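Listed here are the chains, written in short residue letters.
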Amino acid sequence: MRITLLRTGGIIPVTKKAEKNVDWTSDELSELIKVIKNEEGAGQKRDATGYQLKYNAGTFSIDWEKIPAKYKKTFEELKDDLAIVKP
Amino acid sequence: MCKSHFTPIQCILPPYLTDKLVDSQDKNLSKIAVNTKFRSFRLRSDREFFKNTSPTEQAILCAVARKPTKIPALKMEVYSCNKKASTTDAKLLWNSSSPKLPTDKDAKNVINAGTGTWKFYYDLFGRNSIDNLGLTIQQYIHYDKKYDNAFWDGRRMIFGDGDGTIFGSFTTDIDVIGHELTHGVTQYEANLEYHLQSGALNESFSDVFGILIKQRMLNEDVKQSNWLIGENVLLGNKYALRSMKEPGTGYRNHPELGDDPQPGTMDEFVKLPDTASGDWGGVHYNSGISNFAFYVAAFNMGGFAWEKAGKIWYAALTDKASLKKNATFSDLRKLTIKIAGQLYGVKSLETKAVKDGWNAAKVK
Ligand SMILES: [Zn+2]
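Per-chain numbering applies: the sequence of each chain, read as written, is numbered from 1 onward. The naming scheme follows written order: chains are lettered A onward, ligands numbered 1 onward. Local features are withheld for residues below a pLDDT of 70 in this predicted model, meaning they are given only at 70 or higher, and side-chain atom pairs are given and counted only at 80 or more; totals for whole chains, interfaces and linings count all residues. Only hydrogens and water are removed before side-chain values are computed, so all heavy atoms of the structure are retained for them.

Chemist: Go over the overall build of chain A, please, and point to the residues and values.
Modeler: Note on conventions: DSSP H or I runs of at least 4 residues are helices, E runs of at least 2 residues are strands, and numbering of each starts at the N terminus. When you go through chain A residue by residue, the secondary structure sums to 2 helices and 5 strands. The linear arrangement of helices and strands in chain A, starting from the amino end, is β-β-α-β-β-α-β. The C-alpha radius of gyration of chain A comes to 13 Å, within 12% of the 12 Å expected for a compact globule of 87 residues. Along the longest, intermediate and shortest principal axes, the C-alpha atoms of chain A span 35 × 30 × 20 Å. Burial here depends on accessible area, computed with a 1.4 Å probe over protein chains only, as a share of the maximum for the residue type. Under 20% is buried, over 50% is exposed, and the range in between is partly exposed. The burial tally for chain A puts 45% of its 87 residues in the buried class. Contact definition: two residues touch when any of their heavy atoms are within 4.5 Å. A separation threshold of at least 6 residues defines the contact pool for chain A, and within that pool the share at least 24 residues apart is 63%. Distance between charge centroids for chain A: 4 Å, based on 16 positive and 14 negative side chains. Values of the radius of gyration come from C-alpha atoms, whereas the globule rule sets the reference at 2.2 Å times the count of residues to the power 0.38. His is not counted, nor are the chain ends; Lys and Arg add positive charge and Asp and Glu add negative charge. Lysine's charge is taken at NZ, arginine's at CZ, aspartate's at CG and glutamate's at CD.

Below, the structure is given as C-alpha cells:
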C-alpha cells in the first residue's frame, strides 16, 4: 500500500510531502491510525508545523510522539524525504 | 531644570499666597510661584480629565503609562535541542545570570534579539516579560534535523536550523524572534483565537511588534526600515518571508515557494478551510491586510514607528475589555482609531494616519 506523509503549517505556510510503499494491511493501518490520530486544533501553539498521514481511507492528523516503536523507522524515513509541494 | 523646582515651599503655599508671590520683588520667589501655579493647573486639569474617562479609557491610558516601581530584571534561558525533535533532553547553554556569552552563533542571536525584545516591552510599556509578571524567556535552538521553522509552543520559543538550501537558521532575523515572543505576549493579553480573522490579527500583531523590535534595535525610522519580515532566513538576496510595506512581494518566482500569497487589502481576502492544512483559515495570508494598515499608519505618522503607532497598537492588544478573542479587522480598526483619538486627539495627524492606514487596506 502507498502512504503519504504530509507536513503543513509554519511561520510561512508550506506543505511538504513524501510517499512510500509499505506492506501494511488496511486493518493494520486502521489500528495504527487509532493510536496516532490527533485531534485537530492549534491550542496555544503558534506557527507550529503538524503531520498528516494520507492513504486510501483518508487524511488524518497524527501525533508524532504516539507513533509506536515498530513504525518509527518508516515514519523517520518519510520525514527525511519530505519535499516542498510547489504551489 | 531650575533648582527651585524641588523647593518644599511650593507644596505648602495656599493659592492666595502664590498669587501674591508672583508679583514679589524677589525674582526667585516669583519664579517659584509661577511654577507652582502652572503645576497646580496641570494637576487640576489632569484630575478633571481622568474624572470624565470611562474605565476602558483609563485602562488604555494606564496600560501605556504604567511602570512598576521596582525595576525588574530580564530572565532568560537558552537551550540546545541537539537536533532532536524534542525539548525534553535539551541542554542548557546559557542563562541570564551567566556573565559569559556562549560561543554558539544561534545562541548569541536569540540572546541578542530576546534581550532587545524584553527591553522593547519594558522600556516603552513597562511590561515585565511575556506575561508581565517576569516569566523566564526560554529559547530552544537546534530543534530537529534541518527543521525549517520557528514556533511558540505556548510556553517557549523553538528554532530550527533550516535546511541550508531554502532556509537558513531561524535565529538570523531579529523580527522573527520578536514575532515568536510576541505570540506569547498576545497569549497573555487579547489571546486572539488562532483562526480566521482573529488568527490573522494574532499573526499581524506578531509581525507588527517583530518589525518594531528590529527597527528599535537598529535605530531605524519609518523611511529607513525595509519593512521586511525574515529577510535573512529565506536564503537569497531578493527574498523575505513577508513584506509589510507591500504584502505579496516578500518573494516572487521563488524556485520552490513560488510567489508570496499575502493580500494587502480586504478585497483580496484569502478564503481557506479552518484546518491545519488550510492555515486555520489563512492566518499567515490575511495578516498582510492588517500589516499593511499598520505600515501606512506608521509611515504617515513619520519618525520612529514604535513611538506612536506602536503605542496605539500595544494599547489595543492589551485592552482585553475591548479587543475580544474573536475580533475582526473591523474591530481593530475601530479600536485603534478610538485609542489614537484618546492619546493624540480625534482631529490629530495620528488619528488621521490610523484611519488612512485602514482605508488603504480597504478595511471598513
Ligand atoms: Zn506567527
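After presenting the structure, the write-up continues.
Chemist: Can you lay out the nonpolar core for me, pointing to particular residues and giving the numbers?
Modeler: Counting 82 residues, the largest nonpolar core has Phe209(B) and Trp313(B) as its most contacted members. Each domain's extent is set by a domain assignment, obtained either automatically or from a database. Counting only domains with at least three residues in this core, you end up with domain 2 (76-172) and domain 3 (196-360) of chain B. Those residues in contact with Trp313(B) that lie beyond four places of it in its chain are Phe205(B), Val208(B), Phe209(B), Phe294(B), Ala297(B), Leu332(B), Thr336(B), Val354(B) and Trp358(B). Counting residues in each nonpolar core, the second largest holds 20 residues, with Phe60(A), Ile62(A), Tyr71(A) and Leu78(A) among its members. In this description, a nonpolar core means a group of buried Ala, Val, Leu, Ile, Met, Phe, Trp, Tyr and Cys residues linked to one another through side-chain atoms lying within 4.5 Å.

Chemist: I'd love a proper account of the coordination of the zinc ion, names of residues and values included.
Modeler: Every protein donor of the zinc ion is accounted for by Asp47(A) (OD), Asp47(A) (OD), His179(B) (NE2), His183(B) (NE2), Glu203(B) (OE) and Glu203(B) (OE), and the metal-donor separations fall at 2.0 to 2.6 Å. Coordinating donors are taken as N, O and S atoms within 2.8 Å of the metal, stretched to 3.2 Å for Na, K and Ca; because water is absent from the atoms, sites can appear incomplete. A four-donor site is classed as tetrahedral when every donor-metal-donor angle falls between 85 and 135 degrees; four donors are called square planar, and six octahedral, when trans pairs exceed 155 degrees and all remaining angles lie between 65 and 115, with any other arrangement labelled irregular. Coordination at the zinc ion is irregular, judged from the 6 donor atoms that bind it and the angles of 52 to 146° they form at the metal. In this pair, Asp47(A) is assigned in the loop between α1 (26-36) and β3 (49-55) and His179(B) in helix α6 (residues 174-188), connecting two distinct chains. Judged by its relative accessible area of 1%, Asp47(A) is buried. With relative accessibility at 0%, the residue His179(B) sits in the buried group.

Chemist: So, the side chain of Ser198(B): which residues are in play, and what are the values?
Modeler: Residue and element names in this part refer to chain B. You can see Ser-198 is positioned in helix α7 (residues 196-218). In this structure the side chain of Ser-198 is engaged in a polar contact, spanning 3.1 Å, whose partner is the backbone oxygen of His-195. Beyond its immediate chain neighbours, meaning those up to four positions away, Ser-198 contacts Leu-192, Glu-193, Lys-325, Asn-326 and Ala-327. Here a polar contact is taken to be a pair of N or O atoms separated by no more than 3.5 Å, where protein atoms must pair a possible hydrogen donor with a possible acceptor and residues adjacent in sequence count only if both atoms sit in side chains.

Chemist: I'd like to hear about the packing of aromatic side chains, residue by residue, with values.
Modeler: All names here are of chain B. Two rings belonging to Phe, Tyr or Trp (six-membered ring only in the last case) form a pair when the distance between their centres is within 6.5 Å. Interplanar angles under 30 degrees mark stacking, angles over 60 mark edge-to-face geometry, and anything in between is tilted. Tallied over the full model, the rule gives 28 aromatic pairs over all chains. Pairing Tyr-121 with Phe-125 gives two aromatic rings, centres 6.4 Å apart and planes at 50°, and the pair type is tilted. Note that Tyr-121 and Phe-125 are positioned in helix α5 (residues 105-125) at a spacing of 4 residues, about one turn of the helix. Judged by centre distance (6.3 Å) and plane angle (20°), the rings of Phe-292 and Tyr-295 are stacked.

Chemist: So, the pattern of salt bridges: which residues are in play, and what are the values?
Modeler: Salt bridge, as used here, is a side-chain nitrogen of Lys or Arg placed within 4 Å of a carboxyl oxygen of Asp or Glu. Tallying each qualifying case throughout the model produces 21 salt bridges over all chains. A salt bridge links Lys79(A) to Asp144(B); the shortest N-O distance between them is 2.9 Å. One end of the pair, Lys79(A), is in helix α2 (residues 69-80); the other, Asp144(B), is in the loop between β3 (137-143) and β4 (150-152), on a second chain. Among the residues examined, Asp144(B) registers a relative accessible area of 5% and is labelled buried. Across the pair Lys214(B) and Glu231(B) runs a salt bridge whose closest N-O atoms are separated by 3.0 Å. Here Lys214(B), found in helix α7, pairs with Glu231(B), found in the loop between β6 (228-229) and β7 (242-243); they are 17 residues apart in sequence, far enough to count as distant. Looking at Glu231(B), the relative accessible area reads 28%, which means it is partly exposed.

Chemist: Account for the sheet that holds strand β5 (residues 157-160) of chain B, naming residues and giving values.
Modeler: All names here are of chain B. Ordered by their spatial adjacency, 5 strands build an open sheet running β2-β1-β3-β5-β4, and the pairing between neighbours is mixed. Of all the strands in the sheet, just β2 (91-95) and β4 have a single pairing partner and so form its edges. Adjacent strand axes in the sheet meet at a mean angle of 20°, parallel and antiparallel pairs treated alike. Note: two strands are recorded as paired if DSSP finds a minimum of 2 bridges between them. Relative to β2, strand β1 (residues 76-80) runs antiparallel, the two sharing 4 bridges. In the strand pairing of β2, Tyr-79 is matched with Leu-92. Axis definition: a line fit to C-alpha positions, over the contact stretch in the case of helices; interaxial angles, taken between N-to-C directions, run 0 to 180 degrees.

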